[in-house]
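Okay, here's what each chain looks like letter by letter:
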Amino acid sequence: MKKYIDQGKNDTRSGFGAGLAELGRTNPNVVALCADLVGSLKMEKFIEENPERFFQIGIAEANMMGIAAGLTIGGKIPFTGTFANFSTGRVYDQIRQSIAYSDKNVKICASHAGVTLGEDGATHQILEDLGLMKMLPGMTVINTCDYNQTKAATIAIAEHHGPVYLRFGRPKVANFTPVDQKFEIGKAVMLNEGTDVTIVATGHLVWEALIAAENLEKQGISAEVINIHTIKPLDGEAVLKSVKKTGCIVTAEEHNYLGGLGESISGYLATTHPTPQEFVATQDTFGESGTPEQLMDKYGLNNKAIVNAVVKVLKRK
Amino acid sequence: MPKLQELQDLTVQVRRDILRMVHKVNSGHPGGSLGCTEFIVALYNEIMELKDGFDMDGKDEDLFFLSNGHISPVFYSVLARKGYFPVEELNTFRLIDSRLQGHPTTHEGLPGVRIASGSLGQGMSVALGAAQAKKLNKDSKIVYTLHGDGELQEGQNWEAIMYAAGKKVDNLIATIDYNGQQIDGATKDVLPMGDLKKKFEAFGWDVVDIKEGNDLEAIIKGMKEAKSKTGKGKPVCVLLHTVMGHGVDFMMYTHAWHGKAPNDEQLATALGQNPETLGDY
Ligand SMILES: Cc1ncc(C[n+]2csc(CCOP(=O)(O)OP(=O)(O)O)c2C)c(N)n1
Ligand SMILES: [Mg+2]
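For chain B, an unreviewed UniProt entry supplies the name Transketolase and the organism Arenibacter arenosicollis. Per UniProt, the comment on chain B under Sequence similarities (unreviewed entry) is "Belongs to the transketolase family." The record in UniProt for chain B states the following under Cofactor (unreviewed entry): "thiamine diphosphate".

Per an unreviewed UniProt entry, chain A carries the name Transketolase family protein and comes from Arenibacter arenosicollis.

Here it is, written out as structure tokens:
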């Protein structure tokens, strides 16, 4: 199987910070907003270089979304930064009416998504944000897997006109996306070709899927691994092409199975090419405190869980 | 009434608990916790009228809601030392399978907690509901809350502040941890909030200023004054002027320790400034 090399663990939020800093230098219309979490979102560089284009909102996320919507009227491209929980559920109607329905060019950038934020616990660990965001008409929904991909995605979404939800996380994880890989919104990335099973993963689960595929190979199972970074619009064709070959699929995400990537794919396949599917996702539960590794294990979100799901789905072929 | 010395001893012990809890898991929020230690100690041991044991409805006893849930260490320590759950359980703070989540929650059934908090700005609304339930129940006890000053930037607070006065919820005492700090810096730099006292008064509240928010006697005096103002048609706000990180010299007067744990060496120094009184857990 194709080998991927971890270029050195890093957090996806730092990829966001680096991408934003680069945008600050290249696109004078990009402005940034934050609700008292500058350090957590790694926005310092942008602020240092473009103090006049940064808006510290204070702890007031609803106000931030409204101000971001307003800034687009006048041609600015606002990037909002706060935790995923406070970027979505907290401000759903502000996003819905002032951004999505009004078709405003706001980039909602959300860190600390999922259980891997760790010790802060369930109040901060949103596992429902992809669902909330993908249900909004016109919203582009992206969940990146590593530092390089997050940096590239941050830069790419500035070029896309329309509301975007960009989701990333807190922990340092393997960084394996080639540094020069272009980020194409809505286009799946083929990571490994295989014949027995399709594994489609997003976010932090992509690296886990690669480890799972390696372990499966040792058992003589050939897994195709696809990174779907854009949940919406979904690259259905890439999925369809793969499952026509493999005949079964496992989806993997750090999100509730309700409302997540797996649900989008099952909906798509139900109408095009019904396929046995297993979901590696949280099972309609809140999270809790713990280390990221412990939580990934307890909530069935790691390479072990993916291997188990593959074994299960193969029997249903 | 417990003697002042007993409360002082408890305060120092709670500080030790806070420091040891956040140090062990290398995460959590010592700054605000240390700044509110005297207040929570005094509230639970001198001010609030509490029944034995814990039940969710809390009828015929005073209630407390921690809206700034990130200062869970001070809340957990005071609850444990008041007997709500075993003090040893402080050992499980922020660990997997614990009832002591990073932010307080009812999810695992920890006695003493009546609502989840952590996402800021929601506690006052909940307290208003509980206060109005007390009125429906002809229960004359009081509902207390604590909020961060930065937390007041959340608009929901001002909806609640307007409602409380408009609907004459006069069995509510909402305290603001007025430490002038939040995550990204001083509140005056992040988002200046103007004159909070005048704002609350303009919204129709009675306001009590506790200038020495880290002095037990001043807190007790101020809270008794606040209590004397309840039942008169207006909600009561206490502006508690505290020092973030109080009791540990290198953590004071800065936002730097809002959400950062001390390392081994720093812990030793901090504990040295707060010698054991009632016994570590
Ligand atoms: C809705 C929401 N937004 C952001 C945060 C992240 N956050 C946690 S504590 C904090 C600062 C709170 O400031 P303050 O209330 O003054 O508390 P202090 O730092 O003084 O303890 C922020 C922004 C949060 N927990 N909830
Ligand atoms: Mg404060």
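So that's the structure; there's more coming.
Enquirer: Give me the lowdown on empty space enclosed by the protein, citing residues and values where you can.
Expert: Empty pockets left among the atoms are what a rolling probe the size of a water molecule brings to light. Taken as a whole, this structure holds 3 cavities of 30 Å³ or more when the rule is applied. Taken as a whole, the largest cavity encloses approximately 70 Å³ of empty space. Its residues placed into classes, the lining of the largest cavity shows 7 nonpolar, 2 polar and 3 charged.

Enquirer: Go over the sheet that holds strand S6 (residues 140–143) of chain A, please, and point to the residues and values.
Expert: Backbone hydrogen bonds hold the strands of a sheet together, and the pairing may be parallel or antiparallel. All names here are of chain A. Judged by pairing direction, the sheet is mixed, and its 7 strands sit side by side in the order S3-S2-S4-S5-S7-S6-S12 without closing on themselves. In the strand order of this sheet, the two ends are held by strand S3 (54–56) and strand S12 (230–232), each with one partner. Taking each pair of neighbouring strands and ignoring which way they run, the sheet shows an average axis angle of 20°. Strand direction decides the pairing type here: strand S4 (residues 77–83) and strand S5 (residues 107–111), joined by 5 bridges, are parallel. Counterpart to Thr 80 in the pairing with S5 is Ile 108. Strands strand S2 (30–34), S3, S4 and S5 of the sheet are contacted by helix H4 (residues 61–72), whose axis makes an angle of about 165° with S4.

Enquirer: An account of the packing of helix H3 (residues 37–47) of chain B against helix H4 (residues 72–82) of chain B is needed here, citing residue identities and associated values.
Expert: All names here are of chain B. As a packed pair, H3 and H4 sit with axes 10 Å apart at the nearest point and diverge in direction by 30°. Compared by their axis directions, H3 and H4 come out roughly parallel. In this structure, the crossing between H3 and H4 has a hand that is right-handed. Counting all contacts with H3, which are made through Thr 37, Ile 40, Val 41, Tyr 44 and Asn 45, the residues of H4 involved are Val 74, Phe 75, Val 78, Leu 79 and Lys 82. Residues belonging to the contact of H3 with H4 are distributed by class as follows: 7 nonpolar, 2 polar and 1 charged.

Enquirer: Run through the coordination of the magnesium ion (ligand 2), naming residues and quoting values.
Expert: All names here are of chain B. Taken together, Asp 149 (OD), Asn 179 (OD1) and Gln 181 (O) make up the full set of protein donors to the magnesium ion (ligand 2), lying 2.1 to 2.2 Å away. Here the donor residues of the magnesium ion (ligand 2) share one chain and are spaced in sequence as D-x29-N-x1-Q. Residue classification places Asn 179 among the buried residues on the basis of a relative accessible area of 12%. Overall, the relative accessible area of 16% leaves Gln 181 in the buried class.

Enquirer: Any details on the UniProt feature "domain: Transketolase N-terminal" (unreviewed entry) in chain B? Residues and values, ideally.
Expert: Feature annotation in UniProt assigns "domain: Transketolase N-terminal" (unreviewed entry) to the following positions: residues 19–274 of chain B. What you have in residues 19–274 of chain B is 37% helix and 12% strand, and the ends, taken at the C-alpha atoms, are 10 Å apart.

Enquirer: I'd love a proper account of the sheet that holds strand S1 (residues 63–66) of chain B, names of residues and values included.
Expert: Residue and element names in this part refer to chain B. Within the open sheet, the 5 strands sit side by side as S1-S2-S3-S7-S6. Their pairing is parallel. Edge positions in the open sheet fall to S1 and strand S6 (206–210), since each of these has one partner strand only. Across the sheet, the mean angle separating the axes of adjacent strands is 20° when strand polarity is ignored. Contacts from helix H5 (residues 123–136) reach S1, strand S2 (143–148) and strand S3 (172–177), with the element oriented near 175° to S2.

Enquirer: Give me the lowdown on the side chain of Gln153(B), citing residues and values where you can.
Expert: As for its position among the elements, Gln153(B) is in the loop between S2 and helix H6 (155–166). By relative accessible area, which is 9% here, Gln153(B) ends up buried. A polar side-chain atom of Gln153(B) sits 2.7 Å from the main-chain amide nitrogen of Ile59(A). Once you skip the residues sitting within four places of it in the chain, Gln153(B) turns out to touch Gly58(A), Ile59(A), Ala60(A), Gln182(B), Leu191(B) and Met193(B).

Enquirer: Give me the lowdown on the interface of chain B and chain A, citing residues and values where you can.
Expert: Frequently, the measure chosen for interface size is the accessible area that the parts lose on association. Between chain B and chain A, the residue contacts involve 28 residues of the former and 25 residues of the latter. Approximately 2,000 Å² of surface area, both sides summed, lies buried where chain B meets chain A, with 46% of it carried by carbon and sulfur atoms. Notably, a salt bridge pairs Asp97(B) with Lys298(A), separated by 2.3 Å at the nearest N-O pair. Class assignment for the residues of the side of chain B that touches chain A results in 7 nonpolar, 16 polar and 5 charged.

Enquirer: Provide a residue-level description of the layout of surface pockets, including the pertinent values.
Expert: Within this model, the largest pocket holds a volume of roughly 980 Å³. Forming the boundary of the largest pocket are 48 residues, of which Leu37(A), Ser40(A), His29(B), Ile183(B) and His258(B) lie nearest the centre. Elements with a contribution of two residues or more to the lining of the largest pocket: helix H2 (38–41) of chain A together with strand S4 (181–182) of chain B. Classifying every residue of the lining of the largest pocket by side-chain character gives 11 nonpolar, 22 polar and 15 charged. Lining of the second largest pocket is provided by 23 residues; of these, Ala122(A), Thr123(A), Phe286(A), Ala116(B) and Ser117(B) occupy positions nearest its centre.

Enquirer: Please provide a residue-by-residue account of the site of ligand 1, values included.
Expert: Within the structure, ligand 1 sits among 22 residues, and Glu61(A), Gly118(B), Asp149(B), Asn179(B) and His258(B) are positioned closest to it. Each of chains A and B places residues next to ligand 1. Between ligand 1 and Leu120(B) there is a distance of 3.0 Å, counted from a nitrogen atom to a backbone nitrogen or oxygen. Interatomic distance of 3.0 Å between a backbone N/O atom of Glu151(B) and an oxygen atom of ligand 1.

Enquirer: Any chance you could break down the nonpolar core for me, citing the residues and the numbers?
Expert: Counting residues in each nonpolar core, the largest one holds 57 residues, and the members touching the most others are Ile40(B), Tyr44(B), Phe64(B), Phe85(B), Leu90(B), Tyr144(B) and Met223(B). Of all the elements, helix H1 (residues 4–25) of chain B adds the most residues to this core, at 8 residues. In contact with Met223(B), not counting residues within four places along its chain, are Phe39(B), Leu43(B), Ile47(B), Tyr144(B), Ile173(B), Thr175(B), Ile210(B) and Val238(B). Membership of the second largest hydrophobic core comes to 38 residues, among which are Ile95(A), Ala100(A), Leu130(A) and Val200(A).

Conventions used here
- Residues numbered from 1 in each chain as written.
- Chains lettered and ligands numbered in written order.
- Predicted model: local features only at pLDDT ≥ 70, side-chain atom pairs only at ≥ 80, totals over all residues.
- Heavy atoms only, no water.
- UniProt positions renumbered as here; feature names shortened; annotations may be inferred.
- 1 Å grid on protein atoms, 1.4 Å probe; cavity = no way out; pocket = protein on both sides within 12 Å on 5 of 7 lines; lining within 4 Å.
- Points joined across faces, edges and corners; volume = space filled by probe spheres on them.
- Nonpolar A, V, L, I, M, F, W, Y, C, P; charged D, E, K, R; others polar.
- Pairing = 2+ DSSP bridges.
- Helix = DSSP H or I, 4+ residues; strand = E, 2+ residues; numbered from the N terminus.
- Axes fitted to C-alpha atoms, helices over the stretch in contact; angles between N-to-C directions.
- Contact = heavy atoms within 4.5 Å.
- Parallel < 35°, antiparallel > 145°, perpendicular 65-115°, else oblique.
- Left-handed = near helix turned anticlockwise from the far one by under 90°.
- Donors = N, O, S within 2.8 Å, 3.2 Å for Na, K, Ca; no water.
- Buried < 20%, exposed > 50% of the residue type's maximum accessible area, 1.4 Å probe, protein only.
- Polar contact = N/O pair within 3.5 Å; in protein donor to acceptor, adjacent residues only side chain to side chain.
- Buried area = accessible area lost by both parts, 1.4 Å probe.
- Salt bridge = Lys/Arg side-chain N within 4 Å of Asp/Glu carboxyl O.
- Near = heavy atom within 4 Å.
- Core = buried A, V, L, I, M, F, W, Y, C linked by side-chain atoms within 4.5 Å.

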